[in-house]
Amino acid sequence: MASSKTLLITGVSSGFGRALAEQALAVGHRVVGTVRKAEAKREFESLSAAAFGRVLDVTDFDAIGGVVAEIEASVAPIDVLVNNAGYGHEGILEESPLSELRRQFDVNVFGAVAMMKAVLPFMRARRRGHILNITSMGGYITMPGIAYYCGSKFALEGISEALGKEVQPFNISVTAVAPGSFRTDWAGRSMVRTPRSIADYDPIFEPVRKARQEKSGKQLGDPRKAARAMLAAIDADSPPAHLLLGSDALGLVRTKLSALEDEIRAWEAVTVSTDGE
Ligand code: NAP
């Protein structure tokens, strides 16, 4: 392994966050993990003397700065921030209230950005740091019934890429990690599902919802292997700006990019027709 680092990972109670914390501890890193309950903090800290729990909901924006400053002062300087906390909203756009869009963006986007804004002054002062944002293949491809989720992950992809260009002069890397379908609690206990109300959408959405429920717990991806892939990116001298995880993500994203290229080509004459004299 390369040198030992201090990682701050949001959402270490299950899924990717827990898997990454365990693998990072196993190779000698120090891990500060956020959870939402005192009991989960105790359970996380029982993993190792190098595991430090902090209770934080990432939508408690006013608390984030204080928590990060306290970690910097009393645990160690944060080398790597992993914005992992997030959830999926499932629901047809016309059926889903705006309050669910706001909640989806509060957690998946505003929470992640608030965490980045809190660690950046420290990383910039040290001229060193790495931020990993767990986005999704849903930050590249879309499907009916997860418009709010895809919107939040497209947003985090774009923010990650632009931020990477802003902080590159300070030797800070930003990696947007986009997993395919993995065996976590994402499609189980964590998913927020808007109840159905408009029968017109039954044919397009009911099979998608049913398939996702049936597949939950049996997805192709192994979170422990995703954790090893993320550790490789953390150890890299030149970390990638984008990292897909899983052969499903690879196939679907490639198909999307090639369809996008085809559409751009088909409309190219119209596209270039708008330039001024
Ligand atoms: P998970 O097992 O449900 O884990 C989600 C974690 O996020 C939990 O620790 C949860 O804490 C935490 N969390 C949720 N809302 C939070 C909030 N407001 N404040 C703080 N923590 C919060 O699912 P997962 O798949 O590992 O999800 C991790 C990330 O991967 C998410 O961003 C998700 O969108 C993304 N992702 C997942 C997949 C997949 O197939 N699994 C694919 C692509 C991307 P609690 O235990 O307190 O609820």
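Residues numbered from 1 in each chain as written. Predicted model: local features only at pLDDT ≥ 70, side-chain atom pairs only at ≥ 80, totals over all residues. Heavy atoms only, no water.

Asker: Got a minute to help me understand the overall build of the protein in this structure?
Answerer: Of the regular secondary structure elements, the protein holds nine helices and nine strands. Over its C-alpha trace the protein gives a radius of gyration of 20 Å, about what one expects of a compact globule, namely 19 Å for 277 residues. Dimensions of the protein, computed from C-alpha atoms along their principal axes, come out at roughly 55 × 50 × 35 Å. When the 277 residues of the protein are sorted by exposure, 45% land in the buried category. Counting contacts in the protein only where the partners sit at least 6 residues apart, residues at least 24 apart contribute 70% of the total. Just so you have it, the protein exposes about 13800 Å², and 56% of that area is on carbon and sulfur atoms. Of the side chains in the protein, 32 bear a positive and 33 a negative charge, and the two mean positions are spaced by 7 Å. (Helix = DSSP H or I, 4+ residues; strand = E, 2+ residues; numbered from the N terminus. Rg over C-alpha atoms; globule rule 2.2 N^0.38 Å. Buried < 20%, exposed > 50% of the residue type's maximum accessible area, 1.4 Å probe, protein only. Contact = heavy atoms within 4.5 Å. Areas by Shrake-Rupley, 256 points an atom, 1.4 Å probe, with all protein chains shown as cover. Lys, Arg positive; Asp, Glu negative; His and termini not counted. Charge placed at Lys NZ, Arg CZ, Asp CG, Glu CD.)

Asker: How should the packing of aromatic side chains be read in this particular structure?
Answerer: Aromatic ring pairs are reported here in terms of the distance separating the ring centres and the angle at which the planes meet. Within the structure shown, the criterion is met by two aromatic pairs. On the numbers, 5.1 Å between centres and 55° between planes, the contact of Y149 with W186 is tilted. Separated by 37 residues along the polypeptide, Y149 in helix 5 (residues 147-167) and W186 in the loop between strand 7 (172-179) and strand 8 (192-193) bring together distant segments of the chain. You can call Y149 buried: its relative accessible area is 7%. (Phe/Tyr/Trp six-rings, centres within 6.5 Å; stacked < 30°, edge-to-face > 60°.)

Asker: What's the story with the sheet that holds strand 3 (residues 51-55) in this structure? I'm lost.
Answerer: Sheet strands pair via backbone hydrogen bonds, and the direction of the pair is either parallel or antiparallel. Spatial strand order, 3-2-1-4-6-7-9: seven strands in an open sheet with parallel pairing. Sheet topology places strand 3 and strand 9 (242-245) at the edges, where each strand pairs with a single neighbour. Across the sheet, the axes of successive neighbouring strands diverge by a mean angle of 20°, strand direction being ignored. In the sheet, strand 7 pairs with strand 9 via four bridges, with the strands oriented parallel. The residue bridging V177 from the neighbouring strand is L243, located in strand 9. Along the sheet, helix 1 (residues 15-26) makes contact with strand 1 (6-10), strand 2 (30-35), strand 3, strand 4 (80-83) and strand 7, crossing strand 1 at roughly 165°. Sheet strands in contact with helix 5 are strand 6 (129-134), strand 7 and strand 9, and its direction is about 160° off that of strand 7. (Pairing = 2+ DSSP bridges. Axes fitted to C-alpha atoms, helices over the stretch in contact; angles between N-to-C directions.)

Asker: I keep staring at the pairing of strand 2 and nothing clicks. Help me out?
Answerer: The side chains of a regular strand alternate between the sheet's two faces. The buried count for strand 2 comes to five of six residues, which makes it a mostly enclosed element. Relative to strand 2, strand 1 runs parallel, the two being bridged by five bridges. Note on strand 2: the bridge partner recorded for L7 is V31. At this point the chain moves from strand 1, through helix 1, to the parallel strand 2, and the crossover so formed is right-handed. Here five bridges tie strand 2 to strand 3, and the two strands are oriented parallel to one another. Residue pairing for strand 3: V32 is matched across the bridge by F52. Of the crossover connections in this fold, the one passing from strand 2 over helix 2 (residues 38-45) to the parallel strand 3 is right-handed. (Right-handed = clockwise from strand over helix to strand, strands pointing away.)

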